[in-house]
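Fold and contact review
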Amino acid sequence: MRTHSLSLFLFLSLVLLPASSRAEVKVSEATAACIECHASTHPGIVEEWRKSRMSRVTPAAARDLQEKERRVSFAEIPSELADVVVGCAECHTGRSRDRKAGFEHNGYQVHTVVSPRDCAVCHPVEAEQYGKNLMSHAYGNLMRNSLHLDLVRSIAGVQMMKEDKVVQRDPDPESMADSCLHCHGTMVRVKRMETRETDYGEMVFPVLSGWPNQGVGRINPDESKGSCSACHTRHQFAIEMARKPYTCSQCHKGPDVPAFKAYEVSKHGNIYAALGKRWDFDAVPWKIGADLTAPTCATCHVSLLTSPDGEVLAERTHRMNDRLSWRIFGLIYAHPHPRSPDTSIIRNKAGLPLPTELTGEPAPKYLITKKAQKERRGNMQKVCLSCHSERWVQGHFARFENTVKTSNEMTLTATGVLLSAYQQGAARGLAEKDSLFNEAIEKQWVEHWLFFANSTRYASAMMGADYGVFANGRWSMSRNIQEMMDRLEFKLKGR
Amino acid sequence: MRTHSLSLFLFLSLVLLPASSRAEVKVSEATAACIECHASTHPGIVEEWRKSRMSRVTPAAARDLQEKERRVSFAEIPSELADVVVGCAECHTGRSRDRKAGFEHNGYQVHTVVSPRDCAVCHPVEAEQYGKNLMSHAYGNLMRNSLHLDLVRSIAGVQMMKEDKVVQRDPDPESMADSCLHCHGTMVRVKRMETRETDYGEMVFPVLSGWPNQGVGRINPDESKGSCSACHTRHQFAIEMARKPYTCSQCHKGPDVPAFKAYEVSKHGNIYAALGKRWDFDAVPWKIGADLTAPTCATCHVSLLTSPDGEVLAERTHRMNDRLSWRIFGLIYAHPHPRSPDTSIIRNKAGLPLPTELTGEPAPKYLITKKAQKERRGNMQKVCLSCHSERWVQGHFARFENTVKTSNEMTLTATGVLLSAYQQGAARGLAEKDSLFNEAIEKQWVEHWLFFANSTRYASAMMGADYGVFANGRWSMSRNIQEMMDRLEFKLKGR
Amino acid sequence: MRTHSLSLFLFLSLVLLPASSRAEVKVSEATAACIECHASTHPGIVEEWRKSRMSRVTPAAARDLQEKERRVSFAEIPSELADVVVGCAECHTGRSRDRKAGFEHNGYQVHTVVSPRDCAVCHPVEAEQYGKNLMSHAYGNLMRNSLHLDLVRSIAGVQMMKEDKVVQRDPDPESMADSCLHCHGTMVRVKRMETRETDYGEMVFPVLSGWPNQGVGRINPDESKGSCSACHTRHQFAIEMARKPYTCSQCHKGPDVPAFKAYEVSKHGNIYAALGKRWDFDAVPWKIGADLTAPTCATCHVSLLTSPDGEVLAERTHRMNDRLSWRIFGLIYAHPHPRSPDTSIIRNKAGLPLPTELTGEPAPKYLITKKAQKERRGNMQKVCLSCHSERWVQGHFARFENTVKTSNEMTLTATGVLLSAYQQGAARGLAEKDSLFNEAIEKQWVEHWLFFANSTRYASAMMGADYGVFANGRWSMSRNIQEMMDRLEFKLKGR
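Here's a quick rundown of the structure. (Residues numbered from 1 in each chain as written. Chains lettered and ligands numbered in written order. Predicted model: local features only at pLDDT ≥ 70, side-chain atom pairs only at ≥ 80, totals over all residues. Heavy atoms only, no water.)

The next subject is the packing of aromatic side chains. The geometry of an aromatic ring pair comes down to the distance between the two centres and the angle between the two planes. Scanning the entire structure with this criterion turns up 45 aromatic pairs over all chains. Here B:Trp445 and B:Trp449 contribute two aromatic rings whose centre-to-centre distance is 5.5 Å and whose plane-to-plane angle is 70°, an arrangement assigned as edge-to-face. Here the residue B:Trp445 and the residue B:Trp449 both occupy positions in helix α20 (residues 440-462), the gap between them amounting to four residues, near one helical turn. Taking relative accessible area as the criterion, B:Trp445 reaches 1% and is therefore assigned buried. Grouping aromatic residues by their ring pairs yields a cluster made of A:Tyr246, A:Phe260, A:Tyr263, A:Tyr272, A:Trp279, A:Phe281 and A:Trp286. Here A:Arg243 stacks its cationic end above the ring of A:Trp286, 4.1 Å away from the centre of that ring. For C:Arg196, the ring lying beneath its charged end belongs to C:Phe205, and the centroid distance is 4.3 Å. (Phe/Tyr/Trp six-rings, centres within 6.5 Å; stacked < 30°, edge-to-face > 60°. Helix = DSSP H or I, 4+ residues; strand = E, 2+ residues; numbered from the N terminus. Buried < 20%, exposed > 50% of the residue type's maximum accessible area, 1.4 Å probe, protein only. Lys NZ or Arg CZ within 6 Å of the ring centre and 35° of its normal.)

As structure tokens, this is what we get:
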């Protein structure tokens, strides 16, 4: 075990950071102590952090900027944090003492899993907004909804032959963490402490379940929800990365949510791919026209946007549906956004935990009003209007709303075929106390709304047309209904 | 309503443009007037334009370059346009008076939808070539071909349950614009005029149907065909963007035309992705070896190419099949390119609007001759030969032609299964006055040629092998035929 | 026919290369002679080579570097090669005299197809390692394994209708070269010599079969295996390109091996895409943290990695499974890596050329031991640990190993359905001396392990979760088993 001192701190400040930024950098003694070993144990992390803004700017300096240029939102901050840069210790030791997952490490009380509460020391507004975001509830919305959980089981579980029948084993925790919960977030808990031999002698560390994970709705040991590093990837925390579309594509590229794919083939995606290298992805505020000439995901859904001369076009938000009137994916029918980010409380008239009936009518008590939808649409349109004419925008949204309607109609038809199969005994559903998701015809139905109707809506919303035609779009809906009809016919034959 | 003056014009010339280019810039009075309001109403557009070559170079200066370096092709140009840069007014007011979609706006007669006729003022040769390009006829070739239209309806229409049967509702115009016509182009018409309150008082604007749209075959209010901004994205109009493959991927990435995907996994795509950042995408002419070391879509299909010392390897063309001998996608069988860009005139021996019989024989009257095919292949091979040896190129093309043949043979087999289904009453086709595209087995057949045979050919043409094997290629054809056979068997069971 | 001389050589040295590198460049007389004509015949190739390190650094200079910085591994080199840069002649004339494919060309004995033996003059260690790599045996492992060959035939062959039955024609050599062998490598042979008229008069050239090709297991005219240019793309041979993931994506992107796709949506892929432009892809050794902050394919699987202060974290290897304990794709079940790169020698207990039984038990005699697996896992983990904590890495690998197990279990179930179909006469397999791959239910089974189980494992290994859930992952396995059950049911109906 080594000692550390102020002289070490000064030495490190001089030696460990690039010459250009040395003048301003004040690394805390505790962080200097961390770096002393970790720079050789995990050089990748430490070097990455050195490239970050966190390693160069103190909270006090960050707060001193003009309001629109600020990347922090705290009113007050503990004095010991104000004038040192944000290093290892600032995030991994604060509040560690009263934590279940904190542990003693080289004379410091540290915690492995940095949670939104840690980030909220400097970014309280963003943390609060994010807490109201659907994403922060992604774990519970999946795991505490009996229907969603049933779908999860049918996917991540293991099917086994048992006397010519296929039976299903529930998924183990590792499979869950490796599939749905990778994006939705795991529940991270301390399983036990273990003693390990290291380069620096014997040490004690916690063994965590559900770890590693950076899912958006991770349940942290401190009971907070989410992982800021889902989008603000550690340890560089580059706003450039969060603003580029690859961050969103980590979870929003698959057939269930092909946002990135639709974006890629849109005009916006084309402009970004061809010319984006010359844009300023680091500027705060983000000035449309000056810093960028076409939107990425963050532009439309998250960032503080201004005109080149500083007029605010959209306020920064980490409740990402502030500019969205419809929820277009993940559920059977597109519907107005839920009021509460906790959707596990929703019940439709039939008593199911769904925001619509199986026939598509919304469960209005749990969903935002038409007025709120209009307001959110207005928020989004203000972004659009910075590059597009009034009529352009009106035309675009009229089409999108029409596509919400027709894609829902197509889903109603697919649902009709499934219900008919139940009625005629060609499949077993809720009435038979069987899963909605375990038979082939049910899986076709799931693909209808989870892949195809949804892809069609994304293509419309983001003008990436092919995802609304041949790439899992209208073509697939149209084919799927006919294939469901055929399957039903074959099931009923010879009975 | 504001006034504008020469002093404003001079002021704007000085203030609105980057210092580096101020000296040469002459903005017209009319454009200065546009910018005065629109710089704050739509900052994104105006800033984008400011980054464009259009905002810096006058037509006269563009014409003064050496012939091979020229980006304009006019012989003469109206004197009032020659010596001002190409700004808002130059494109949006010219010829507006005699247009259906023109309207009075702040003292100017303007039009929203810029058409190829506007671009042809400076780029007449390109506009003429493009008029002979299949793309410019993409609207009519889809909508005025009874079979294609039937396919369109089966995709974009809405299927509804009606007493245990699924019936189809024809697609509404919004769905059409949101799907097939997004790429093919809509028909843009003035529906009515509307009066709107704006930041600058009450104003009158046209309300357009089919708007927004930048499809390649858009029918414009002036009856011209196409939208140059499909590829030359407004308002930066960067040749860099048109030359990068993302532009083409807007419409050529889906399973129906996976050109971009095949390119991406080819050697060419690999070289571009890894090293392209150092190439000069702005140089005219485009010098192989000096400006780029591997082709993008534009290199092989469009651009004027020279050797580093200026020898012309390929002439610029906007009739993009000038270097293509086979049409490999979109129709049942690959076939020699059609003679006329208007393919709605084609009839095969059976009287169907198809360039081949259902059994694959071409309809020679409407297709280019073997001699013309050879000439076009020669045009392309001259590009290949700048980096590849004679035998390399011969070997590549021999493989490709073989793949055209074998993929057509596989389609013939799939067609045989479908015809057999018709014959045995397991499906209903033209003989029963039913659609060719509305039943599951028919949709399997469509995927065979529209997705799989075609993907196989793209993979071969562009050396992106996996799209010819497992990614919708030969594997999918082989599986599809067996699945069609099984479906036919199940349909016939127990009758 | 032209003559060439020392003065020409000196002239070329001065004129043909960029000013910055002129001082050090010594081009051989022979290469100068090549360039004289080929600079105008194939300007693309020559210009590309001029941008390469090969054109600037002599083998002697390359050898003079510190050991870790060396890109060459020879102990001795023929003196005539030591002090000239590596140009056309150095690769295309060496050892040509004793080659089947060598031919006289302008006074030189040259060969078209550069093989690993040519590269081994400077890179003998890498060539030897690669010879032990599975990839170098990719041709034989496919073509000399009766089951694999049967699968190949079922894909690349042509299915034809014959009296209402579909029969299969074996694939022709062009189709093979255009599909499976594009990546696996063709067999390149001299078919005949031909005389051709060229710009420089009549010349004689060999006509090669299986050409062009850069497959990883290409059988060269000199009987060596592989093509270094599969990854080290000619003629720039940029290490930057080999290290960027697009190179691997040429063959590792499709549904059969979605490594690139899983990488793209992983944190690693996100970091690379957003920030990689600032990394140093040319540095040798590759210093984690300093040169790069997230891995590409090469980082984890190939490159010599050090910490910023030079500690070796991983040795360079061209036997790419040195850091891999499981083979997770291409075969029915994931299994320990084979001992020999020649897998055509493997026989399971049932006598089939498979590394496992049809029920999943490995054929241990041919596979690496648990101890060897542990060692290889350790090699990989040392790379992981440079950025991740011990527990992070343990947690990740525990999940991956669990996914290997559960995906194998799911494959066992799918295999059970197929075997049941055989038993009940609903399909024809090996017992009936029929192909395992030609019927629809068999093709479903193939997709199960070749696409879905495998995608699930890639997603786990590389943390690209969606490829383990909805994008050909667990969802697809789960659906596929139910669809196989239904197909079996329909097949058995009414018998």
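The next thing to look at is the relation of the copies chain B and chain C. Take chain B, turn it by 120°, move it 0.0 Å along the axis, and it overlays chain C with an RMSD of 0.0 Å. When the rotation and shift are considered jointly, the pair of chain copies conforms to a three-fold rotation axis. When the interface residues of chain B are mapped onto chain C, a mere 3% of them are again interface residues, pointing to distinct binding faces. (Least-squares fit on C-alpha atoms with pLDDT ≥ 70 in both. Contact = heavy atoms within 4.5 Å.)

Let us now look at the relation of the copies chain C and chain A. Copies of the same chain, two in number, are related to each other by a rotation about an axis and a translation along it. Mapping chain C onto chain A is achieved by rotating through 120° and translating by 0.0 Å along the same axis, at an RMSD of 0.0 Å. Taken as a fraction of all interface residues of chain C, those also at the interface in chain A reach only 3%, which identifies the copy contact as different-surface.

Residues and elements named next belong to chain C. With respect to the helices and strands, the residue Glu90 is situated in helix α6 (residues 88-92). The buried charged residue Glu90 lacks any salt bridge partner; its closest oppositely charged side chain belongs to Lys26, at an N-O distance of 13 Å. Setting aside residues no more than four positions away along its own chain, Glu90 makes contact with Ser28, Thr31, Leu81, Val84 and Val85. (Lys, Arg positive; Asp, Glu negative; His and termini not counted. Salt bridge = Lys/Arg side-chain N within 4 Å of Asp/Glu carboxyl O.)

On the chain A side, the residues contacting the 60 residues of chain C number 69 residues. Summing both sides of the interface, chain C and chain A together bury roughly 5600 Å²; the carbon and sulfur share of this comes to 55%. Ranking the residues of chain C by area buried against chain A places C:Arg391, C:Arg399 and C:Trp475 at the top, with a combined share of 14%. There are 34 residue pairs in polar contact (both at pLDDT 80 or more) connecting chain C and chain A. Contributions of two or more residues to the side of chain C that touches chain A are made by α16 (267-275), α19 (390-423) and α21 (474-492) of chain C. Broken down by element, the side of chain C that touches chain A gets its largest block of residues, 17 residues, from α19(C). Grouping the amino acids of the side of chain C that touches chain A by side-chain chemistry returns 23 nonpolar, 21 polar and 16 charged. (Buried area = accessible area lost by both parts, 1.4 Å probe. Polar contact = N/O pair within 3.5 Å; in protein donor to acceptor, adjacent residues only side chain to side chain. Nonpolar A, V, L, I, M, F, W, Y, C, P; charged D, E, K, R; others polar.)

Looking now at the interface of chain B and chain C. In this assembly, 60 residues from chain B lie in contact with 69 residues from chain C. Carbon and sulfur atoms make up 55% of the area that chain B and chain C hide from each other, which totals about 5600 Å². Ranking the residues of chain B by area buried against chain C places B:Arg391, B:Arg399 and B:Trp475 at the top, with a combined share of 14%. Linking chain B with chain C are 12 salt bridges. The partner of C:Glu174 in a salt bridge is B:Arg399, with the nearest N and O atoms 3.8 Å apart. The interface formed by chain B and chain C contains 35 residue pairs in polar contact (both at pLDDT 80 or more). Secondary structure elements with two or more residues in the side of chain B that touches chain C: α16 (267-275), α19 (390-423) and α21 (474-492) of chain B. Ranked by residues supplied to the side of chain B that touches chain C, first place goes to α19(B) with 17 residues. When the residues that make up the side of chain B that touches chain C are grouped by side-chain class, the tally is 23 nonpolar, 21 polar and 16 charged.

With that out of the way, let us pick up the state of the cysteines. All names here are of chain A. One pass over the full model with this rule turns up three disulfides over all chains. Paired through a disulfide, Cys183 and Cys251 show a sulfur-sulfur distance of 2.3 Å. Judged by the torsion about the S-S bond (-95°), the Cys183/Cys251 disulfide is left-handed. Here Cys183 is found in helix α12 (residues 180-184), whereas its partner Cys251 is found in the loop between α14 (245-249) and α15 (259-264), with 68 residues between them in sequence. By relative accessible area, which is 16% here, Cys183 ends up buried. (Disulfide = S-S within 2.5 Å.)

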